[in-house]
Amino acid sequence: MKTIQLSNLEKLPYGAEEALNRLRVNVGFCGDRFKKIIITSSTPNEGKSFVSTNLWRMLAEAGSRTVLVDADMRKSVLRSRYQFASGEKNLPGLVHYLAGQVEIDDVLCRTNIDNAYLFPTSYTVTNPALLLQTERFSGLLDALTRVFDYVLVDTPPLNSVSDGDLIASHCDGALLVVRSGVTPRNLIAGSLKQLERAGCELMGVVLNRVEAKSNPYYYKYGKYGYYNDYYYGSDSKEAKKK
Ligand SMILES: Nc1ncnc2c1ncn2[C@@H]1O[C@H](COP(=O)(O)OP(=O)(O)OP(=O)(O)O)[C@@H](O)[C@H]1O
Ligand SMILES: [Mg+2]
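Residues numbered from 1 in each chain as written. Chains lettered and ligands numbered in written order. Predicted model: local features only at pLDDT ≥ 70, side-chain atom pairs only at ≥ 80, totals over all residues.

Q: Which residues make up the overall build of the chain, and what values go with them?
A: In terms of helices and strands, the chain carries 10 helices and nine strands. For the chain, with 242 residues in total, the buried portion stands at 45%. A sequence separation of at least 24 residues applies to 81% of the contacts in the chain between residues at least 6 apart. (Helix = DSSP H or I, 4+ residues; strand = E, 2+ residues; numbered from the N terminus. Buried ≥ 20, exposed ≤ 12 C-beta atoms within 10 Å, placed from the backbone. Contact = placed C-beta atoms within 7 Å.)

Okay, here's the thing in structure tokens:
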């Protein structure tokens, strides 16, 4: 199995690290039946990849064997953003696996973080929906579930393309990322309906990129402009009202 060096994971300010840590703990409280977890949002740029990458790292650091499946096959950012240096230029990825060109073990990579594994997307396509509809995708998630404690799936936004619905229909639960003060309520309501229709239970809503000035801790902990908060279980109803 290849090893990928994660060379560029940001060091987060204390407030963000704490909020994400709370998210990690609350994911654990949701129980064992949530193993395949989609991290999604209504629109682009709300922080799905940010939340999924950091949750992945934290779950792994806390001792849970966790694999991050980069299922944003239209515009994967993980590889470039975190400078995954594998030593191999033509790394096979999710698209190759779904197209039947390679098998799971050819794609799955370990990382320099213990317990953190990655199923990357190395090659992007314009219409991944067809690939996601095959049994190979559901088979992949099921196979990973047998080996890992958590399978996190980073996706494109629900509102723009159908990939998210298809992925959600194969997952046990969803974390819906909402960009504070930006995501329109009607889109959030639409996303909740989409997840329900896909038969994917809402585990919680992550209120992301809360303006730092509205957070009293911000001033103590540095220059970062964003903070995030997490609404869990019944509290997620509060988030829906916002
Ligand atoms: N809580 C946060 N604190 C600081 N920066 C953040 C936070 N959330 C997101 N960002 C930054 O905002 C930008 C967009 O985030 P990200 O790529 O995770 O969004 P996304 O929802 O995955 O977007 P897309 O829909 O295009 O896949 C990135 O530069 C990311 O580092
Ligand atoms: Mg993303």
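Now that the structure has been shown, we can carry on.
Q: For unusual backbone geometry, give the residues involved together with the corresponding values.
A: Phi is positive for Asn 115, close to 75°, though the residue is something other than glycine. Within the fold, Asn 115 resides in the loop between β4 (109-111) and β5 (116-119).

Q: Before we move on, could you go through the nonpolar core and cite the residues and values that matter?
A: With 57 residues, the main nonpolar core has Ile 37, Val 151, Leu 152 and Val 153 as its most contacted residues. Per-element tally for this core: the top contributor is helix α2 (residues 48-61), with six residues. Residues in contact with Val 151, not counting those within four places in the same chain, are Lys 35, Lys 36, Ile 37, Val 67, Val 69, Leu 141, Leu 144 and Thr 145. (Core = buried A, V, L, I, M, F, W, Y, C linked by C-beta atoms within 7 Å.)

Q: So, the environment of Asp 149: which residues are in play, and what are the values?
A: For Asp 149, the position within the fold is in the loop between α7 (135-147) and β6 (150-154). Placed 34 residues apart in sequence, Asp 149 and Asn 115 show a C-alpha to C-alpha distance of 9.7 Å. Every residue in contact with Asp 149, bar those within four places of it in the chain, is listed here: Ser 64, Arg 65 and Thr 66.

Q: Explain the environment of Gly 28 residue by residue, including any values.
A: Checked against the element boundaries, Gly 28 lands in helix α1 (residues 14-29). For the pair Gly 28 and Ser 64, spaced 36 residues apart in sequence, the C-alpha separation works out to 9.9 Å.

Q: Tell me about the packing of α1 against α2, residues and numbers included.
A: For the pair α1 and α2, interaxial distance at closest approach is 9 Å and the crossing angle is 65°. Accordingly, the angle class assigned to the pair α1 and α2 is roughly perpendicular. The handedness of the crossing between α1 and α2 comes out as right-handed. Where α1 abuts α2, its residues Leu 20, Asn 21, Leu 23 and Arg 24 lie against Asn 54, Leu 55, Met 58 and Leu 59. Residues belonging to the contact of α1 with α2 are distributed by class as follows: five nonpolar, two polar and one charged. (Axes fitted to C-alpha atoms, helices over the stretch in contact; angles between N-to-C directions. Parallel < 35°, antiparallel > 145°, perpendicular 65-115°, else oblique. Left-handed = near helix turned anticlockwise from the far one by under 90°. Nonpolar A, V, L, I, M, F, W, Y, C, P; charged D, E, K, R; others polar.)

Q: Could you give an account of the pairing of β6, naming the residues involved and the relevant values?
A: Taken across its five residues, β6 has five buried, putting it largely inside the fold. Residues Tyr 150, Leu 152 and Asp 154 point to one face of β6 and Val 151 and Val 153 to the other, with burial holding for every one of them. Two elements, strand β2 (residues 36-41) and β6, share four bridges in a ladder whose sense is parallel. Across the sheet, residue Ile 38 finds its bridge partner in β6, namely Val 153. (Pairing = 2+ DSSP bridges.)

Q: An account of α1 is requested, with residue identities and associated values reported.
A: Taking 1.5 Å of rise per residue, the 16 residues of α1 would be expected to cover 22 Å, and the 23 Å separating its terminal C-alpha atoms lies within 8% of that figure. Among the residues making up α1, those that are buried are Gly 15, Ala 16, Ala 19, Leu 20, Leu 23, Arg 24 and Val 27. Directly beyond the C-terminal end of α1, a positive phi value near 100° is found at Gly 31. (Expected span 1.5 Å × (residues − 1).)

Q: Go over the environment of Asp 105, please, and point to the residues and values.
A: Topologically, Asp 105 is positioned in helix α5 (residues 104-107). Along the sequence, Asp 105 and Lys 2 sit 103 residues apart, while their C-alpha atoms lie 9.4 Å from each other.

Q: Describe the confidence of the model for the chain, naming the residues involved and giving the relevant values.
A: Should the pLDDT be low somewhere, the predicted coordinates at that spot are not to be read in detail. When the pLDDT values of the chain are averaged, the result is 84; 83% of them are 70 or greater. For residues 230-242, every residue scores under 50 in pLDDT, and the model assigns this stretch 23 contacts once sequence neighbours within four places are set aside. (pLDDT = per-residue confidence, 0-100.)

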